[in-house]
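# Structure at a glance
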Amino acid sequence: MAMVAQQHRESSSGSMNKHLDCGKYVRYTAEQVEALERVYAECPKPSSLRRQQLIRECPILSNIEPKQIKVWFQNRRCREKQRKESTGLQSVNRKLTAMNKLLMEENDRLQKQVSQLISENGYMHQQLQTTSVGTTDPSCESAVTAPQHSLRDANNPAGLLSIAEETLAEFLSKATGTAVNWVQMPGMKPGPDSVGIFAISHRCLGVAARACGLVSLEPPKIAEILKDRNTWFRDCRNLEIFTMFQAGNGGTIELLYTQTYAPTILAPARDFWTLRYTTTLENGSLVVCERSLSGTGAGPNPAAASQFVRADILPSGYLIRPCDGGGSIIHIVDHLNLGAWSVPEVLRPLYESSKVVAQKMTIAALRYIRQIAQETSGEVVYGLGRQPAVLRTFSQRLIRGFNDAINGFSDDSWSILNFDGAEDVVVAVNSSKNLSTGTNAVSFLGGILCVKASMLLQNVPPGVLIRFLREHRSEWADFNVDAYSAAALKASSYSYPGMRPTRFTGSQIIMPLGHTIEHEEMLEMIRLEGDPLSHEDAYISRDIHLLQMCSGVDENTVGACSELVFAPIDEMFPDDAPLLPSGFRVNPLDPKSGDLQDPLTSFKTLDLTSSLEVRPAANHAAGYAASSFSARSVLTLAFQFPFERNLQESVATFACQYVRSVISSVQRVSMAISPSSLSPAIGQKPSIRSPEAVTLAHWICQSYSYHVGAELLRTDSLSGELILKTLWHHQDAILCCSLKALPVLTFANQAGLDMLETTLVALQDITLDKIFDDSGRKAMFSEFAKITQQGFSYLPGGICLSTMGRHVSYEQAIVWKVAAEDNAVHCLAFAFVNWSFV
């Protein structure tokens, strides 16, 4: 009896121990943890077979069951996820704390500004009551109209230090004080995900812009980047330091001469003669401030300076404060007087707009610093295996070469060529141009010929125009001209095989290389596919490769110019490849109140603009009120052509003809994309105020529900304009095509435009057969009878093509007939489900 009880107790104890073995906490030794960590580093989620193999290969894990090892890997992945989330939350918390501090400081500054304005308002009210004599407003100009300092003060360090300290005080009063009446930059609201806080001056002498932001770099590194203005300020041609010495307080004083490019061919470029002061404040903040000095002194070369108009930098600079936990808070102030009096009246908005200064200098500086910070942290994806610094250098070389062509400075050996009595274009020649870039040096026996022009555009969105020129190169470019320029950059300097007869296939493949943090600038490689017309060249590749930079395609950005600059490049894409850039630049003209009263006065300023009137003069004023973008803009284009000395005249003849044909094409495109030329239902985005667009959205949803038997949208909770808005933001790509012999796309939501990489303006140039591959076209045609009878059909998953030649995969496509209110078939609609770029 006792033996039976003992056996029962042993059996119960064994069962309990087995249960505990399966669920108890296992304490691992250091050797076991090390072995498991090695496997986790190779494979964080091993399979059951891999775990059993691990137990066999590692004797120290033999006493641990496979289930417990599975639990260990689950816990390890959970701990890694928690660690990443905790690190991310700490980073966000630090960023929000610094942003909160920045916003509180900005709020304090605004409160001081309000108090000052109330005080000045009371003072002015009192003055008006006591005297009838007009008084001047002392609010802003007294703070910024500091007298320029003569170079007589620069003869001794004490005089320069006095100027530097005064510049520092005035700069700090603008950066953190109320010396300038700052207002928020239109279209840029501060927030945790924004680049920074941006403001522009209001009713102040000159033009000024201000930026505040957080950067994950230390103050000395930021100051080093910003002082090297050539790297980030695209309009900077040259910066020379003529004098540098240490101030008595540990700071550094420099005398600088800076040359900048002109944005068009219609006005001279600007230069600056300034003092720059770098010092550290008592609170540890680093300051770099700058202001203009009067006179030329021993710095600027009078011969070189004669090509420029002297402009002034009023006290400006950078205040860089270290943040707790790393990084910096930076304040940037740019305050200029660009001498608008010296340019044609129609161009003065470019020199009188604080928004333009903000985009070109202030915002560009902060974006560049943040770009460097992201590259340093490894967040940037490389293009074609190239380092970000190499891609940045390519972008800088493209813009610099384009600016050199537009400005044509005589000290770069450019001279104006009087050719054919041409007045609509300017022809310049450079007989000593040498594209020397290390091992890939290219020199031309004749030189480089540049044909350029500037013209006024009326009611043409700059971003839309540049995007169209980028996506539809065949609409304005000649493949053989691209081939000519590409062949000239190769080793043979005496023959241009690119001029052999070649047919452009129309295929343009865009290969992205890189972009900036907000996608405001893109660098890409373009491949133009060409076929030889002669049989002997049938096996020779006639493809042309271009390096291209595109910027400013977001039409909602205020004050930014839009550019498309390209240059032929060898298909091997060497780092030191020679570049001969050509391209387009569109500068929006910020309309002034006086300009709106007489919009036709601009046509009296530029001869070339008379041919750009795209509609009757009576409709011009209405265009100003109707357009959401700057109603006027200046387009500048420049094309460069290499030539041999004995072929200069013939190259000049065909170059002028070609550029005139490009101008004609751009005029035609401008007329097509002008809002007045588009139907009310077609625009860059569907307008919720457009009855046609709202009606189409209703038809699409109702027809889908009728034919498919399901709801495309939850229309029971939507009505009117909300249906269009919801359809526009639907995750699936929804397209509509006409019912013609050759179906053409007529509508797409945002996902559809993203999938096709196009715009609503260019959508109507795309036929339905172009977006499908061979199997997709066969599937669609085989289902066409079913669509006609049944009203809808499901197409199997497959591949379609974007307008850029990129392959897009989709899980399924739904096709249905869209009926109007009278039950007549209006169009066919397509919904591409779960699409993605291959």
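Note: the structure precedes this text.
All of these numbers come straight from a predicted model, not from anything done at the bench.

Let us now look at the overall build of the protein chain. Counting its regular elements, the protein chain contains 23 helices and 27 strands. Buried residues in the protein chain amount to 50% of all 838 residues. Across the protein chain, every contact between residues at least 6 apart in sequence was considered, and the portion connecting residues at least 24 apart equals 65%. Taken as a whole, the protein chain presents about 39,900 Å² of accessible surface, with 53% of it coming from carbon and sulfur.

What follows deals with the pattern of salt bridges. Tallying each qualifying case throughout the model produces 17 salt bridges. A salt bridge links Arg38 to Glu34; the shortest N-O distance between them is 3.6 Å. With a gap of 4 residues between them, Arg38 and Glu34 both fall in helix H2 (residues 30–42), about one helical turn apart. Classification of Glu34 by relative accessible area gives partly exposed; the value is 47%. Residues joined by salt bridges that share partners form a network here, namely Glu37, Arg76, Glu80 and Arg83.

Turning next to the nonpolar core. What tends to happen in soluble globular proteins is that the nonpolar side chains get buried as a cluster. Formed by 48 residues in total, the largest nonpolar core has its most connected members in Val215, Leu217, Ile222, Leu226 and Ile330. Ranked by the residues each element gives to this core, the list is headed by helix H11 (residues 354–377), at 10 residues. Those residues in contact with Ile330 that lie beyond four places of it in its chain are Ala211, Cys212, Gly213, Val215, Ile222, Leu226, Leu319, Ile320, Leu366 and Ile369. Core analysis: the next-biggest nonpolar cluster, separate from the first, contains 43 residues, Ala453, Val481, Phe641 and Val669 among them.

Take Pro44: it is sitting in the loop between H2 and helix H3 (48–57). Look past the residues within four positions of Pro44 in its chain and what remains in contact with it is Phe73 and Arg77.

What follows covers the packing of aromatic side chains. By the definition in use, this model includes 22 aromatic pairs. Geometrically, the ring pair formed by Trp232 and Phe233 is tilted, given 5.9 Å between the ring centres and 35 degrees between the ring planes. Judged by relative accessible area, which is 7%, Phe233 ranks as buried. One aromatic cluster in this structure is built from Trp476, Tyr484, Phe566, Phe584, Phe639, Phe641, Phe654 and Tyr658. For Arg76, the ring lying beneath its charged end belongs to Tyr40, and the centroid distance is 4.4 Å. Directly above the aromatic system of Phe566 lies the positively charged group of Arg473, at a separation of 4.3 Å from the ring centroid.

Moving on, we come to the packing of helix H13 (residues 462–471) against helix H17 (residues 648–673). The geometry of H13 relative to H17 is characterised by a closest axis approach of 10 Å and an angle of 125 degrees between their N-to-C directions. Taken together, the axis directions place H13 and H17 in an arrangement best described as oblique. The interaxial crossing formed by H13 with H17 has right-handed handedness. Counted together, Val464, Leu465, Phe468 and Leu469 of H13 and Val666, Val669, Ser670 and Ile673 of H17 form the full contact between these two elements.

What follows deals with the pairing of strand E10 (residues 328–337). With respect to burial, E10 is a largely interior element, 9 of its 10 residues being buried. Of the strand pairs in this sheet, strand E9 (residues 312–322) and E10 are connected by 9 bridges, and their pairing is antiparallel. The residue bridging Tyr318 from the neighbouring strand is Ile332, located in E10. The loop that links E9 with its antiparallel partner E10 comprises 5 residues; one of these, Gly325, has a positive phi angle of about 90 degrees.

Bringing the packing of H11 against helix H12 (residues 388–407) into the picture now. Two quantities define a packed helix pair, namely the angle between the helix axes and the distance between the axes. Their axes nearest at 11 Å, the elements H11 and H12 cross at an angle of 150 degrees. Here H11 lies roughly antiparallel to H12, going by the angle between them. Counting all contacts with H11, which are made through Tyr368, Ile372 and Glu375, the residues of H12 involved are Pro388, Arg392 and Gln396. Looking at the contact of H11 with H12, its residues break down into 3 nonpolar, 1 polar and 2 charged.

Rules behind the numbers
Residues numbered from 1 in each chain as written. Predicted model: local features only at pLDDT ≥ 70, side-chain atom pairs only at ≥ 80, totals over all residues. Heavy atoms only, no water. Helix = DSSP H or I, 4+ residues; strand = E, 2+ residues; numbered from the N terminus. Buried < 20%, exposed > 50% of the residue type's maximum accessible area, 1.4 Å probe, protein only. Contact = heavy atoms within 4.5 Å. Areas by Shrake-Rupley, 256 points an atom, 1.4 Å probe, with all protein chains shown as cover. Salt bridge = Lys/Arg side-chain N within 4 Å of Asp/Glu carboxyl O. Core = buried A, V, L, I, M, F, W, Y, C linked by side-chain atoms within 4.5 Å. Phe/Tyr/Trp six-rings, centres within 6.5 Å; stacked < 30°, edge-to-face > 60°. Lys NZ or Arg CZ within 6 Å of the ring centre and 35° of its normal. Axes fitted to C-alpha atoms, helices over the stretch in contact; angles between N-to-C directions. Parallel < 35°, antiparallel > 145°, perpendicular 65-115°, else oblique. Left-handed = near helix turned anticlockwise from the far one by under 90°. Pairing = 2+ DSSP bridges. Nonpolar A, V, L, I, M, F, W, Y, C, P; charged D, E, K, R; others polar.

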